[in-house]
Amino acid sequence: MSDALFPVPEDWAGSAKIDRETYEQKYRRSIEDPEGFWREEAQRIDWIAPFDTVKDTSFDRDDFHISWFTGGKLNICANALDRHLDTRGDQVAILWEPDDPSSPDRKLTYRELHAEVCRFANALKANGVSKGDRVTIYLPMVPEAAIAMLACARIGAVHSVVFAGFSPDALAGRIEDCQSTIVVTADEGLRGGKTIPLKANVDAACEKAHVDTVIVLEHTGANVPMVDGRDVSWADTVAGQSADCEPEVMDAEDPLFILYTSGSTGKPKGVLHTTGGYAVWTSMTHEYVFDYRPGQVYWCAADVGWVTGHSYVVYAPFMNGATQVMFEGVPNFPDHSRFWQVVDKYAVEIFYAAPTALRALMREGDEYVTQTSRKSLRLLGSVGEPINPEAWDWYHRVVGERRCPIVDTWWQTETGGAMITPLPGATDLKPGSASKPMFGVKPAVLDPEKGTVLEGATSGALVITDSWPGQMRTVYGDHQRFFDTYFSQYPGYYFTGDGCRRDEDGYYWITGRIDDVINVSGHRMGTAEVESALVEHHLVAEAAVVGMPHDIKGQGIYAYVTTNAGTEDSEELRMELVQWVRKEIGPIATPDVLQFAPGLPKTRSGKIMRRILRKIAENDMSNLGDTSTLADPGVVDDLVANRPQT
Ligand code: WT7
């Protein structure tokens, strides 16, 4: 199966913007003459003032700096909206589909979206927000999420979107880290018929973090208590605001947004993206990866709480004049046919989703898919985690009826946009391979231990050799951590944290994280974060968390917990601890397995041997390897003997 090759379909080969030959030419040019290549690609942006320098970057410790389109002035919101008003002002920009199909849907044209964004931008100013201020956005998938983000960009405020599934604690930590004193939220969110108490979560977060202003969107209409002097309703604060708001003149390297993401150690990092390079990079990749032409109906099913929702819902599609579906709900509500019903309802041509959703739908049977038409679909995308060949085959054969190419896009919060991906008119597809590098991306495979470059067909650590415009610029408030995390392990390279294989055709196969990060349903979770949540419980002495294979989620969370002496390791406590993590971080961090461990396998110097814990979690007991260096090899036997059946 994984050796199967799906050649570029004929209709695509003849009509796509990028065919095989163009890919080769453009790719070579982008590597040999980055200045020339990016100078041309940057013309897709309306610059208020031209840039002086295209690329000024170095990954070296002594001269570490990353700057693109230096001196250029622009506003990304104006690029997303204003520039379309004359040509496509009445074209629909957002087709909003509510959680419950019987609730009213909404359509916003570019003109309407522009007016709403300007009104909210003015409202932010009236609430004291100015250029450079951080604004926390904690909203469900409603048009106002995009409106709030674009409004921030319009006035030069830096948004920090926190996924609406995160707990009050996680929200408070992110508010504090970027010292944002204003939060934009809704009364409640809705997902799969269930309500999420967003305003109540914000109230709880405000007990820990200092917040002056909370803007509350009336979404479900639930009666939520408002704090006098702090809380204001969206409708009230927008009422009377002008629908004109001059876009702020931003420097190419001015911050655009912060998005928190988990790493292998410590607290989540505030990944900071800037304006000019991100605008060029996201609009370019969106155009080529999806062969996008203005007005085509496009649907990226990601939440705005993740980077995919930033780059490929809010920024790139609007810059490229898209009509896009924005969906509040989940794939299995009211039933497992929902995605495909929405595709039919809006005649979606391009559909982009995560493998985890596809696997969950696949196991419900083909009937939910085949009862819909899907004849509008032309192209399918995958993002967030490796897509296993079975899910790829199902997506291709059942959903796309063999006529739609699948673009399996590998990238990261840090990379801003797609880095390794097929292009539908240029790349023969191999199921499970993200295939070839995007223009301007020069990947390399290193020997993980020695750090030497491996040539040809090989496998090892995936690094990127040189800067690209959409690269993150810093960890908010901790530039040293930026360097240390990504550039210190393999000097001179950006280290992705992923392992990969490169085959004889030069195709890349991402094999997953090789650091202590796990990918749960396409969302990144740091094992250290789950561990620290566990040890905050008063009965827990120590915890170690690793990933385990999971049929639907890709990876699940396996937690080993040592309780305090004298504690009874009961079933009740196990359930309590699972709920505890869920409450501390959010539902996505819920451990799938929690095993009580009287002891953890440690070296004599006290380092936990995670390799062994991973093998036990994987139920691969025959490969535990050498346990003789352990302080107490007996703990391994105990863990193996008491592993819960999964
Ligand atoms: C990690 C980044 C990309 C935006 C959403 C996730 C994994 C992502 C793929 C893919 C194999 C993938 C990697 C990466 N990943 N896309 N197509 N094939 N793995 O962003 O939360 O920053 O996570 O997701 O492990 O490092 P993220």
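Computed from a prediction, not measured in an experiment: that's the story for all the values here. (Residues numbered from 1 in each chain as written. Predicted model: local features only at pLDDT ≥ 70, side-chain atom pairs only at ≥ 80, totals over all residues. Heavy atoms only, no water.)

Structural notes on the overall build of the protein chain
As a reminder of what qualifies: Going along the chain from the N terminus, every DSSP run of H or I of four or more residues is numbered as a helix, and every run of E of two or more is numbered as a strand. All radius of gyration figures rest on C-alpha atoms, and the globule criterion is 2.2 Å times the number of residues raised to 0.38. Here's how the labels work: a residue is buried when its accessible area is under 20% of the maximum for its type, exposed when over 50%, partly exposed in between, all with a 1.4 Å probe on protein chains only. Only heavy atoms enter the contact rule, under which two residues are in contact if any of them lie within 4.5 Å. Each accessible area is a Shrake-Rupley result for a 1.4 Å probe, and residues are judged covered by the shown protein chains and nothing else.
Each helix and strand counted, the protein chain has 21 helices and 31 strands in total. Since a compact globule built from 646 residues should have a radius of gyration of about 26 Å, the 24 Å found for the protein chain is in line with a globular shape. If you line up the protein chain on its principal axes, its C-alpha atoms span 75 × 65 × 60 Å. When burial is assessed residue by residue, the protein chain has 60% of its 646 residues classed as buried. Taking the intrachain contacts of the protein chain between residues at least 6 apart in sequence as the baseline, contacts between residues at least 24 apart amount to 71%. As displayed, the protein chain offers around 23,900 Å² of accessible surface, 48% of which is attributable to carbon and sulfur atoms.

Quick word on a negative patch on the surface
Formally: Within this analysis, patches are made of residues with over 30% relative accessible area and no salt bridge. Like charges are joined at 9 Å or less; nonpolar side chains (Val, Leu, Ile, Met, Phe, Trp, Tyr) at 5 Å or less. The term salt bridge refers to a side-chain nitrogen of Lys or Arg lying within 4 Å of a carboxyl oxygen of Asp or Glu. Neither His nor the chain termini are counted; the positive set is Lys and Arg, and the negative set is Asp and Glu. Each charge is placed at NZ for Lys, CZ for Arg, CG for Asp and CD for Glu.
A surface patch of like charges, here negative, comprises Asp56, Asp60, Asp62 and Asp63. Among the structural elements, Asp63 can be located in the loop between strand 1 (53–58) and strand 2 (65–70). Taking relative accessible area as the criterion, Asp63 reaches 44% and is therefore assigned partly exposed.

Structural notes on the environment of Leu446
Mapping Leu446 onto the fold places it in strand 21 (residues 443–446). Residues Leu446 and Ser459, spaced 13 residues apart in sequence, show a C-alpha to C-alpha distance of 7.9 Å. If near-sequence neighbours (up to four positions away) are discounted, Leu446 is found in contact with Gly451, Thr452, Val453, Leu454, Gly460, Ala461, Val463, Tyr490 and Tyr493.

Concerning the nonpolar core
For clarity, the threshold we go by: Throughout this description, the term nonpolar core refers to a set of buried Ala, Val, Leu, Ile, Met, Phe, Trp, Tyr and Cys residues connected via side-chain atoms within 4.5 Å.
Phe69, Phe120, Tyr315, Phe439 and Leu534 are the most contacted members of the largest nonpolar core, which has 159 residues in total. A per-element tally of this core places helix 7 (residues 143–155) first, with 10 residues. Leu534 has contacts with Val540, Ala543, Val545, Ala559, Val561, Leu577, Trp580, Val581 and Leu594, leaving out every residue within four places of it along the chain.

A word on unusual backbone geometry
Glycine aside, negative phi is the norm for most residues, and most peptide bonds take the trans geometry. In this structure, the amide linkage connecting Phe333 to the following residue, Pro334, adopts the cis form with an omega of -5°. Inspection of the secondary structure puts Pro334 in the loop between strand 17 (323–327) and helix 13 (338–346). For Phe69, which is not glycine, the phi torsion reads 55° and is therefore positive. On the secondary structure map, Phe69 appears in strand 2. At Ser521, a position not held by glycine, the phi torsion is positive, near 50°. Tracing the backbone shows Ser521 in the loop between strand 27 (517–520) and strand 28 (523–526). Judged by relative accessible area, Ser521 falls into the partly exposed class, the value being 22%.

A look at the sheet that holds strand 14 (residues 255–261)
We apply this condition: Should DSSP find at least two bridges between two strands, the strands are taken to pair. Each axis is a line fitted through C-alpha atoms, taken for helices only over the stretch in contact, and angles between the N-to-C directions span 0 to 180 degrees.
Spatially, 12-11-8-6-7-14-15-24 is the arrangement adopted by the 8 strands of the open sheet, whose pairing is mixed. Looking along the sheet, the strands with just one partner apiece sit at the ends: strand 12 (231–233) and strand 24 (474–475). Helix 8 (residues 168–177) rests against strand 6 (134–138), strand 8 (182–186) and strand 14 of the sheet, and its axis sits at about 165° to strand 6. Against the sheet, helix 12 (residues 307–319) makes contact with strand 7 (158–161) and strand 14, and its axis sits at roughly 145° relative to strand 14, the strand it touches most.

Focus: the UniProt feature "binding site: ATP" (unreviewed entry) in the protein chain
For the record, the criterion: UniProt positions are given in the numbering used here, feature names are shortened, and annotations may be inferred rather than shown by experiment.
Here, UniProt's "binding site: ATP" (unreviewed entry) annotation points to Gly384, Glu385, Pro386, Asp408, Thr409, Trp410, Trp411, Gln412, Thr413, Asp498, Arg513 and Arg524. Along the polypeptide, Gly384 turns up in the loop between strand 19 (379–383) and helix 16 (389–399). Those residues in contact with Gly384 that lie beyond four places of it in its chain are Thr409, Asn519 and Gly522. Mapped onto the fold, Glu385 is located in the loop between strand 19 and helix 16.

With respect to empty space enclosed by the protein
Spelled out, the test is: The method works on a 1 Å grid over the protein atoms by themselves. A cavity is a set of points holding a 1.4 Å probe that cannot get out, a pocket is an open set with protein on both sides within 12 Å along at least five of seven lines, and residues with an atom within 4 Å of a point line them. Grid points are joined across faces, edges and corners, and a volume is the space filled by probe spheres set on the points. Amino acid classes used here: Ala, Val, Leu, Ile, Met, Phe, Trp, Tyr, Cys and Pro are nonpolar; Asp, Glu, Lys and Arg are charged; the rest, including Gly, are polar. The split of the chain into domains comes from an automatic or database domain assignment.
For the coordinates displayed, the defined rule picks out 1 cavity of 30 Å³ or more. Size it by volume and the largest cavity reaches roughly 40 Å³. For the largest cavity, the full set of lining residues is Val161, Val162, Phe163, Phe166, Arg174, Leu259, Tyr260, Gly305 and Trp306. When the residues that make up the lining of the largest cavity are grouped by side-chain class, the tally is 7 nonpolar, 1 polar and 1 charged. For the lining of the largest cavity, the domains that each give at least three residues are domain 1 (10–77 + 254–481) and domain 2 (107–248).

Quick notes on the UniProt feature "domain: AMP-dependent synthetase/ligase" (unreviewed entry) in the protein chain
Listed under "domain: AMP-dependent synthetase/ligase" (unreviewed entry) in the UniProt record, and renumbered for this structure, are residues 82–466. Annotated as 30% helix and 23% strand, the span residues 82–466 places its first and last C-alpha atoms 33 Å apart.

Things to note about the pairing of strand 31 (residues 593–596)
Our working rule: When the strands point away from the viewer, a crossover counts as right-handed if the path from the first strand over the helix to the second runs clockwise.
Taking every second residue as pointing to the same face, both faces of strand 31 are buried, with Val593 and Gln595 on one and Leu594 and Phe596 on the other. With 4 bridges joining them, strand 30 (residues 554–563) and strand 31 adopt parallel strand pairing. Residue pairing in the sheet places Val561 in a bridge with Phe596 of strand 31. At this point the chain moves from strand 30, through helix 19 (residues 571–584), to the parallel strand 31, and the crossover so formed is right-handed.

Considerations on the site of the ligand
Rule in force here: Any residue with a heavy atom lying within 4 Å of a molecule or strand is counted as near it. What qualifies as a polar contact is a pair of N or O atoms within 3.5 Å, subject to a donor-acceptor requirement within protein and to the restriction that residues adjacent in sequence count only when both atoms come from side chains.
Neighbouring the ligand are 17 residues; Asp408, Thr409, Thr413, Asp498 and Arg524 lie closest to it. In the model, a nitrogen atom of the ligand is placed 2.8 Å from a nitrogen or oxygen of the Thr409 main chain. In the model, an oxygen atom of the ligand is placed 2.6 Å from a nitrogen or oxygen of the Arg524 side chain. Summarising the interface, the protein chains cover 97% of the accessible area of the ligand, which totals 550 Å² for the free molecule. Listing elements by their share of the shell around the ligand, those giving two or more residues are helix 12, strand 20 (406–409) and strand 26 (508–513). The residue inventory of the shell around the ligand, partitioned by class, reads 6 nonpolar, 6 polar and 5 charged.

Comments concerning the sheet that holds strand 21
Strand order across the open sheet formed by 5 strands is 22-21-23-25-26, with antiparallel pairing between neighbours. Here the strands that pair on one side only, and so sit at the sheet edges, are strand 22 (453–454) and strand 26. With 4 bridges joining them, strand 21 and strand 23 (residues 458–464) adopt antiparallel strand pairing. Bridge assignment links Leu446 to a residue of strand 23, and that residue is Ala461.

Some thoughts on the side chain of Asn519
Residue placement: Asn519 occurs in strand 27. Using a relative accessible area of 19% as the deciding quantity, one classes Asn519 as buried. Side-chain polar atoms of Asn519 contact the backbone oxygen of Gly384, separated by 2.7 Å.

Some remarks on the layout of surface pockets
Its boundaries defined by the atoms lining it, the second largest pocket holds a volume of some 430 Å³. Lining the second largest pocket are 17 residues, and of these Asp169, Ala170, Lys267, Pro268 and Glu529 lie nearest its centre. Contributions of two or more residues to the lining of the second largest pocket are made by helix 8 and helix 18 (527–535). Considering every element that reaches the lining of the second largest pocket, the biggest residue donor is helix 8, with 6 residues.

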